[in-house]
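Here's the letter readout for the chains.
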Amino acid sequence: MLKSKTFVKKTRSGGVMKIVREHYLRDDIWCGSEVCAECKQESAVLQRDACIESNLCTYPHYLIPDTNVVLHQVRSPFPPGDTFIEREPGESANDRNDRAIRVATKWYSQHLKTSESDAEGLKVVLLTNDQGNTQKAEESSLLVYKCMWSMFSIRGSTDPFKKLCVSTNEITSSKVLFPEHLPLSRIQAGIKSGSFLQGSFRASRDNYLEATVFVQGEGEDSTEVLIQGLQNLNRAVHQDVVAVQLLPRNQWVAPSAVVLQDEGTAKDDDAEEEEEEKALRISAAEAASKPTGKIVGIIKRSWRPYCGMLNASQIKESTRHLFTPADRRIPRIRIETRQSSTLAGQRIMVAIDGWPKHSRYPNGHFVRSLGSAGEKDTEQEVLLLEHDVPHQDFSQAVLSFLPKMPWAITPEDMVKREDLRHLTVCSVDPPGCTDIDDALHCRELDNGNLEVGVHIADVSHFIRPGNAMDKEAANRGTTVYLCGKRIDMVPELLSSNLCSLRSNVERMAFSCIWEMNDKAEILKTRFTKSVINSKASLTYAEAQMRIDDTTMNDDITQSLRGLNKLAKILKRQRIEKGALTLSSLEVRFHIDSETHDPIDLQTKELMETNSMVEEFMLLANISVAQKIYDEFPDCAMLRKHPAPPPSNYDILLKAAKSKNVEIHTDSAKALADSLDGAKVDGFPYFNTLLRILATRCMMQAVYFCSGMDSDFHHYGLASPIYTHFTSPIRRYADIIVHRLLAVAIAADSTYPDLMDKHKQSALANNLNYRHKMSQYAQRASVAFHTQLFFKSRGILNEAGYVLFVRKNAIIVLIPKFGLEGTVFFDTKDKAAPNLVFDEEGPTLKVEQHNFCIFDKVKVTISLDASNIQHQKIRMALIDPVIPGVSVPAPDVEPQAKKPKLDR
């Protein structure tokens, strides 16, 4: 039977189109019941004695679930004529579906009543969780129950059946799990009145039930508000701009010392989550409280596509699944896909669509697949995407602004440049460096003083303001160095060739030249565009060997010795002014040239020559900062390092106190002097550990525009003014500084954006973001290659030191590998020992043993690959020996492969 509907529709071009919709209504679909004699069906699928043992329906019955219960109505494309209904004007698709189910239920009830007497007592029951559908069904005298009531009334039902019931109910549940977000008008009024605060939401990596909201203030007035518990987190996602309401002071708590990660199956029953929240509250109550609040509204969502993996539903044929992001700060996301079997084991991208107040997790959709999890190329792609690192190939528009090859310096180029090709200039860099930004020289003048030059690649000569290459470099902000790979800020022709100050080729430079006496006192400073010809491209080790080898006295070596002597004086002078000497362990991988796998892992060894180069780069940056600020006080691109708030030093002070060492933090100089005097007999590594901890207390250094700020001080360097001038191949800030300096010395012309403090400030914000994400990406690359290194090495045992103490774990540093790992004491695979945490120490008593910061321990190190997405280095305690907690040392320690020559 054919039923049609005709209407007209106006097209975009103004025409009228006739639309005909046809519905084919079938007359060969039978009711399927054994009790029916009217339908001409070959075999029935609904039993005559339809008895499901139920406390709710004690009589024989058929169940008809509504569309919301089963999510999607599975029906023939040709509905039977008796149950076909058309959508009425103003009726939603959902309401039409509900009405269709009620019509089908009524039809079944009446249809079976007309059948033989065996149908007596057999009822048709509509299952729905929709209140409106229930009410309308009752008005039509239909028998209707809630899905949950029916399912849980079934006697002897199996667990999978109940799980299906819970899962279905959870999807469509009207139960409100989170408070309603306030409308923007109320939020704005609340912020204006001071009852709400606006800030950036920062989720915790270690505790999914905890976050902070950073509230920007004037100067040191910025604050952090602690948020704990699902209700108070209220569906905010990492980096969202949120409105937060402070709780009464008697409800303020402290950051939890418990490590909690949301992993495994979804906690739809809330029982496990309630226990974890309870543990969180107990832990927080034991420590000093901080301003604590709750999220009352979202001002701006900062959602992006997220990388991660699919956790396929355990329910067969289900299309709804949970996606677990790679970033632990992002909640799991519910998505709908029929490709779950294909996507298993793949890294995929998912975008969030929304987060209803009745859903434990946000809803989203599948974007694309990135490749098989664990493969190096896939993991590197994930790493770059997750840290928002622009890494696409340079466009033709960008490449079109490269100089044509072959390229050479022309007489026109020399007009505004000083010819310094005769000087004994050399570069000193890490092994394998091809993007050489800087080179140096030192020579004695006729008057007995010394001339010292820092020569920096003149990148701004090749990248002109406002063109496609300039815009791309400004967006990228920085070169990103991963293990075995470099993501350039500028095309390789510039970064590794025309701008790189390689030896024995003529290169354009921007030179900062001082005249000094033998006490490293600056007598004169000048800046000039120049042309140089580097006489040697040395590694730190090669330069150090020249300085130390008394038989070498060539011009390059003499220059290096002069530089090294002055650098020591400059460093001593900086430290006397209060500059900090901090510490962090950097690692270096030896990579197999064929497989590109790491075959050896070592901490980087610093030499005098590292410090020598650093001192002159610092001096050049300070000299240039003062020059551009003097010339352009409103638009100079500067860099500052804010002093940490006193609370940042809490862990450092406690750690020092545990070894009866006193640290003063009222100024950078007081801290520097305290660290210099911090020694413990028989514990030579103590001072290094203390400096590592002090580094963790520091704030992030940032770029800013001088006309938009009043605090220029660089805390770590104890310098009143600072900028970045010395690395324009890999930092866009340096290109801006070069342009400012060039205008200041009349070597180049200005342009409007350079003098616009608002545009300079916006640029500085992007550079700060790119720099931060670059650092995170580099750390993630080191972590991934560390996992690759340990993957084939079984279980190693190594000595380490306790760096932090938590309520249920200790964080251990392994100096040999520059590696940090967590030793958990409440693992699920064995009974938890007796744990007593003291926040004041901080100490953790495990059975009868007390752990303090800087305690020496011995641990096993292995790769835990049980979760392919979040593979991690697993540590277990060997020594001290605690019965039931410690593990025995491996009988035979596997030997690492012999490293090949580092190429």
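Residues numbered from 1 in each chain as written. Predicted model: local features only at pLDDT ≥ 70, side-chain atom pairs only at ≥ 80, totals over all residues. Heavy atoms only, no water.

- Naming follows an unreviewed UniProt entry, where the chain appears as Exosome complex exonuclease RRP44 of Dicentrarchus labrax.
- Comment text from UniProt for the chain, heading Cofactor (unreviewed entry), reads "Mn(2+)". (UniProt positions renumbered as here; feature names shortened; annotations may be inferred.)

Regarding unusual backbone geometry
- Here Met405 and Pro406 are connected by a cis peptide whose omega angle stands at 0°.
- In this fold, Pro406 is placed in the loop between helix H10 (396-399) and helix H11 (411-414).
- At the junction of Asp879 and Pro880, the peptide bond is cis and its omega measures out at 10° in the coordinates.
- Within the fold, Pro880 resides in the segment after strand E36 (872-879).
- The residue Arg235 is not glycine, and still its phi comes out positive at about 70°.
- Here Arg235 lies in the loop between helix H6 (230-233) and strand E9 (241-246).
- By relative accessible area, which is 6% here, Arg235 ends up buried.
- Residues other than glycine seldom take positive phi values, yet Ala718 does so here, at roughly 55°.
- Tracing the chain through its elements places Ala718 in the loop between strand E28 (702-705) and helix H20 (732-744). (Helix = DSSP H or I, 4+ residues; strand = E, 2+ residues; numbered from the N terminus. Buried < 20%, exposed > 50% of the residue type's maximum accessible area, 1.4 Å probe, protein only.)

Section: the pattern of salt bridges
- For the structure shown, the criterion picks out 36 salt bridges.
- The partner of Arg486 in a salt bridge is Asp488, and the shortest N-O contact between them spans 2.6 Å.
- Judged by relative accessible area, Asp488 falls into the buried class, the value being 12%.
- Where salt bridges share partners, they join Glu88, Glu91 and Arg99 into one cluster. (Salt bridge = Lys/Arg side-chain N within 4 Å of Asp/Glu carboxyl O.)

Concerning empty space enclosed by the protein
- What the rule picks out here adds up to 3 cavities of 30 Å³ or more.
- The space that makes up the largest cavity amounts to roughly 70 Å³.
- If you trace the largest cavity, you find it lined by His387, Asp388, Val389, Pro390, Arg476, Thr478, Val480, Ile487, Asp488, Arg770, Met773 and Ser774.
- If one sorts the elements of the lining of the largest cavity by residue count, helix H21 (residues 757-791) sits on top with 3 residues. (1 Å grid on protein atoms, 1.4 Å probe; cavity = no way out; pocket = protein on both sides within 12 Å on 5 of 7 lines; lining within 4 Å. Points joined across faces, edges and corners; volume = space filled by probe spheres on them.)

With respect to the packing of aromatic side chains
- Considering all chains together, one arrives at 14 aromatic pairs under this definition.
- A ring pair is formed by Trp407 and Phe462, whose centres lie 5.5 Å apart and whose planes are at 55°; its orientation type is tilted. Placement of the pair is Trp407 in the loop between H10 and H11 and Phe462 in the loop between strand E19 (450-457) and helix H12 (468-476), with a sequence separation of 55 residues.
- By relative accessible area, which is 9% here, Phe462 ends up buried.
- Here Phe825 and Phe851 contribute two aromatic rings whose centre-to-centre distance is 5.6 Å and whose plane-to-plane angle is 25°, an arrangement assigned as stacked. Residue Phe825 is found in the loop between strand E31 (819-824) and strand E32 (835-838), and its partner Phe851 is found in strand E34 (residues 849-852); the two are separated by 26 residues along the sequence. The pair formed by Phe825 and Phe851 is uniform in burial state, with each residue classed as buried. (Phe/Tyr/Trp six-rings, centres within 6.5 Å; stacked < 30°, edge-to-face > 60°.)

Things to note about the side chain of Thr557
- By secondary structure assignment, the location of Thr557 is in helix H15 (residues 555-577).
- Taking the relative accessible area as the measure of exposure, Thr557 reaches 0% and is therefore buried.
- At 2.9 Å, the side chain of Thr557 and the side chain of Asp554 are in polar contact.
- Beyond its immediate sequence surroundings of up to four residues, Thr557 is in contact with Arg546, Ile547 and Met552. (Polar contact = N/O pair within 3.5 Å; in protein donor to acceptor, adjacent residues only side chain to side chain. Contact = heavy atoms within 4.5 Å.)

Comments concerning the nonpolar core
- Counting residues in hydrophobic clusters, the biggest one holds 86 residues, and the most contacted among them are Leu494, Trp514, Leu560, Phe616, Met637, Phe725 and Tyr732.
- When residues in this core are grouped by element, the largest group, 10 residues, is from H20.
- Residues contacting Phe725, with those up to four places away along its chain left out, are Ile456, Phe510, Cys512, Ala620, Asn621, Val624, Arg731, Asp734, Val737, His738 and Leu741. (Core = buried A, V, L, I, M, F, W, Y, C linked by side-chain atoms within 4.5 Å.)

Brief notes about the environment of Ala780
- With respect to the helices and strands, the residue Ala780 is situated in helix H21.
- Along the backbone, Ala780 and Leu384 are 396 residues apart, and their C-alpha atoms lie at a distance of 9.5 Å.
- For Ala780, the contacting residues outside a window of four places in its chain are Leu383 and His387.

As for the packing of helix H17 (residues 650-658) against helix H19 (residues 686-696)
- One way to put it is that H17 packs onto H19 with a least axis distance of 9 Å and a crossing angle of 165°. Judged by the angle between their axes, H17 and H19 are roughly antiparallel. In this structure, the crossing between H17 and H19 has a hand that is right-handed. Contacts from Ile651, Leu652, Ala655 and Ala656 in H17 reach Leu690, Leu693 and Ala694 in H19. (Axes fitted to C-alpha atoms, helices over the stretch in contact; angles between N-to-C directions. Parallel < 35°, antiparallel > 145°, perpendicular 65-115°, else oblique. Left-handed = near helix turned anticlockwise from the far one by under 90°.)

Some points on the environment of Phe196
- Turning to its location among the elements, Phe196 is positioned in the loop between helix H5 (184-193) and strand E6 (197-203).
- A relative accessible area of 8% means that Phe196 is categorised as buried.
- For Phe196 and Gly293, which are 97 residues apart along the polypeptide, the C-alpha to C-alpha distance reads 9.7 Å.
- With near-sequence residues (within four places) excluded, Phe196 lies in contact with Leu182, Arg186, Ile187, Gly190, Ile191, Val244, Gln245 and Val296.

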